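Below, each chain spelled out in residue letters.
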Amino acid sequence: MAPTKDVYMVVGGNGFLGRHIVQQLLERGDIVSVFDIVERYNDVSFYSGDISDQESVASALRKSGATCIIHTASPHATINNPALFQKVNVDGTKAIIAAAVETGVRKLVFTSSAGVVFNGNEIKDVDERIAFPDVPMDAYNDSKAKAEVAVIEANGKGGLLTVALRPAGIFGPGDRQVMTGLHQVYERGQTHFQIGDNTNLFDWTYVGNVARAHLLAADKLDTPPPAPPLSAVTEKLPLSAD
Ligand code: NAD
């Protein structure tokens, strides 16, 4: 049986990544609305509000009829404001979860960050099973990790299905952080510094691909896994005695 078609709400949908997610949903013919503190576009239904206000989120979910939330909202990583990170990323994400359960939303896709497992030391040859560091890199990454834990623990609560994605650096059209920062470095003449021995590596992903990963994650949340190939089943059958 084909999975039910979702109605989407992109929280933080007027931001860099959120906007790409909205555009990809529109391109494939989905119904989508945006919840954000900033109003920027006028091609989808817009709900103005702060995610730390559970009632605002719940009210927007009821009005929009959303069945799938894609939550990309966060203050910028570069600002030095631990209290705001706690309020928006931790308390706000918990408010979204509570509002989703209250209104019967089926799916929640959360944009976490690769930084949740980084504490300044090299990370090599690991996968998503690597533990969070004992001492987080900073207040931003600490808040993203706590939000991620809340999202994963909410899986199954009131029938809600959840998933968290961890992008590393995101680049592409609409970016307001990375290129602006690089340009400022250039304008200030700060280009003659080198960190490490010039062999450091860092992951960057094109924003269109990160957005697509969110759509695929949402789609897969309620798609039953495919049956294993027959060979895998027969290999596990006990050998007959004769
Ligand atoms: P962005 O600042 O462009 O977008 C974030 C959006 O969230 C903005 O539209 C903002 O108005 C909204 N928002 C902020 N606080 C809010 C609140 N309290 N209530 C409602 N809306 C609020 O950021 P982005 O670069 O698009 O990042 C999107 C997500 O991806 C974030 O969760 C970020 O942590 C994560 N992320 C970004 C990068 C990157 O390189 N940009 C890397 C890894 C993870």
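Our structure is the block above this text.
In what follows, the accompanying structure is described.

Examining unusual backbone geometry
- Positive phi is not limited to glycine here, since Asp125 has a value of about 55°.
- One can find Asp125 in the loop between β5 (107–111) and α4 (139–153).
- In this structure Asp125 comes out as exposed when scored by relative accessible area, which is 82%.

A look at the nonpolar core
- Ranked by internal contacts, the top residues of the largest apolar core, which has 25 residues, are Met9, Val11, Phe35, Leu61 and Ile69.
- Counting residues per element, the ones that place at least two in this core are β1 (7–11), α2 (54–64), α3 (82–103), β5 and α4.
- Top element by residues in this core is α3. It accounts for five residues.
- Ignoring sequence-local partners within four residues, the contact set of Phe35 consists of Met9, Val10, Val11, Gly12, Gly13, Tyr47, Gly49, Asp50, Ile51, Ser56, Val57 and Ala60.

Quick notes on the pairing of β1
- Counted residue by residue, β1 has five buried out of five residues, so it is predominantly covered.
- Going residue by residue along β1, you find Val7, Met9 and Val11 tucked away on one face and Tyr8 and Val10 tucked away on the opposite face as well.
- Where β1 meets strand β2 (residues 31–36), five bridges bridge the pair, whose relative direction is parallel. Each bridged residue has a counterpart across the sheet, and for Val7 the counterpart in β2 is Ile31.

Examining the site of the ligand
- Around the ligand, a shell composed of 27 residues is seen, among which Leu17, Asp36, Tyr140, Lys144 and Ala168 lie nearest.
- Contacts to the ligand include Phe16, whose backbone N or O atom sits 2.9 Å from an oxygen atom.
- Computed on the free molecule, the ligand has an accessible area of 830 Å², of which 90% lies beneath the protein chains in the complex.
- At the level of elements, α1 (16–27), α4 and β7 (169–171) are the ones that each hand at least two residues to the shell around the ligand.
- Considered class by class, the residues forming the shell around the ligand number 11 nonpolar, 12 polar and four charged.

Thoughts on α2
- Buried residues of α2: Val57, Ala58, Ala60, Leu61 and Ser64, and no others. Buried residues of α2, viewed axially, fall in a sector of 165°; they line one side.
- Check the buried side of α2 and you find it contacts β1, β2, β3 (45–48), β4 (68–71) and α3.
- Among the residues trailing α2, Gly65 stands out with phi positive, at a value near 70°.

Observations concerning the packing of α3 against α4
- Two elements in contact, α3 and α4, have axes separated by 9 Å at closest approach and are oriented at 10°. Relative to α4, α3 is oriented roughly parallel. On α4, the residues that touch Pro82, Phe85, Asn89, Val90, Thr93, Lys94 and Ile97 of α3 are Ala139, Tyr140, Ser143, Lys144, Lys146, Ala147, Ala150 and Val151.
- Of the residues belonging to the contact of α3 with α4, the class tally is nine nonpolar, three polar and three charged.

Quick word on the sheet that holds β1
- The parallel open sheet is built from six strands, whose spatial order is β3-β2-β1-β4-β5-β6. Looking at the sheet topology across the chains shown, the edges are occupied by β3 and β6 (161–165). Strand after strand, the sheet turns through a mean of 20° between neighbouring axes, direction not considered.
- Each of β1, β4 and β5 is contacted by α3, which is oriented at about 175° to β4, the strand it contacts most.
- Set on the sheet, helix α6 (residues 207–221) makes contact with β1, β4, β5 and β6; between it and β5 the angle comes to about 150°.

Side note on the environment of Thr67
- The topology assignment puts Thr67 in the loop between α2 and β4.
- Along the backbone, Thr67 and Phe193 are 126 residues apart, and their C-alpha atoms lie at a distance of 49 Å.
- In this structure the side chain of Thr67 is engaged in a polar contact, spanning 2.6 Å, whose partner is the side chain of Asp6.

Criteria and thresholds
Residues numbered from 1 in each chain as written. Predicted model: local features only at pLDDT ≥ 70, side-chain atom pairs only at ≥ 80, totals over all residues. Heavy atoms only, no water. Helix = DSSP H or I, 4+ residues; strand = E, 2+ residues; numbered from the N terminus. Buried < 20%, exposed > 50% of the residue type's maximum accessible area, 1.4 Å probe, protein only. Core = buried A, V, L, I, M, F, W, Y, C linked by side-chain atoms within 4.5 Å. Contact = heavy atoms within 4.5 Å. Pairing = 2+ DSSP bridges. Near = heavy atom within 4 Å. Polar contact = N/O pair within 3.5 Å; in protein donor to acceptor, adjacent residues only side chain to side chain. Areas by Shrake-Rupley, 256 points an atom, 1.4 Å probe, with all protein chains shown as cover. Nonpolar A, V, L, I, M, F, W, Y, C, P; charged D, E, K, R; others polar. Arc of directions from axis to C-beta. Axes fitted to C-alpha atoms, helices over the stretch in contact; angles between N-to-C directions. Parallel < 35°, antiparallel > 145°, perpendicular 65-115°, else oblique.

This is a description of form; function is not addressed.
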